[in-house]
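Given next are the chains, with one letter for each unit.
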Amino acid sequence: LCKKYNEANKSLGSTGAGLTTVKLQECPEMKKLLDKIVAYFPWWEDLHGFWRINLSYNTVFSTADPGQD
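1. Digging into the nonpolar core
Of all hydrophobic cores here, the largest spans eleven residues; its members are Y5, A8, L12, L24, M30, L34, I37, F41, W44, L47 and W51. Mapped onto this core, the elements with two or more residues apiece are α1 (2-10), α4 (28-40) and α5 (44-51). Not counting chain neighbours up to four residues away, the residues in contact with I37 comprise A8, S11, L12 and W44.

Right, dumping it as structure tokens:
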């Protein structure tokens with residue numbers, strides 16, 4: 001599951017992979033990607049609720065702040 005979850009997250013990019021599904025649905029471009037992900041991997045939304053900020057499971061998500069030194 002983890003491998004398939006991260007494959008799906010790659011399409012969202014490092015920022016999108018860390019957003020909640022509600023936030024992803026608010027942006028039309030991200031919503032299109034989310035619809036494709038859920039069609040391909042129906043459990044993605046459930047897993048994303050648990051794994052989105054856990055770097056052990058979500059290897060695409062970045063916690064880096066681009067403005068930080």
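From this point, the narrative continues.
2. Description of α4
An ideal rise of 1.5 Å per residue puts 18 Å on 13 residues; α4 measures up with 19 Å between its terminal C-alpha atoms. Restricting attention to buried positions, one finds in α4 the residues M30, L34 and I37. Burial along α4 is one-sided: seen end-on, the buried residues are contained in an arc of 60°. In α4, those exposed residues whose orientation departs by more than 90 degrees from the buried face are P28, E29, K32, K36 and A39. Where α4 is buried, its residues touch α1, α2 (13-16), α3 (21-26) and α5.

What counts and what doesn't
Residues numbered from 1 in each chain as written. Predicted model: local features only at pLDDT ≥ 70, side-chain atom pairs only at ≥ 80, totals over all residues. Heavy atoms only, no water. Core = buried A, V, L, I, M, F, W, Y, C linked by side-chain atoms within 4.5 Å. Buried < 20%, exposed > 50% of the residue type's maximum accessible area, 1.4 Å probe, protein only. Helix = DSSP H or I, 4+ residues; strand = E, 2+ residues; numbered from the N terminus. Contact = heavy atoms within 4.5 Å. Expected span 1.5 Å × (residues − 1). Arc of directions from axis to C-beta.

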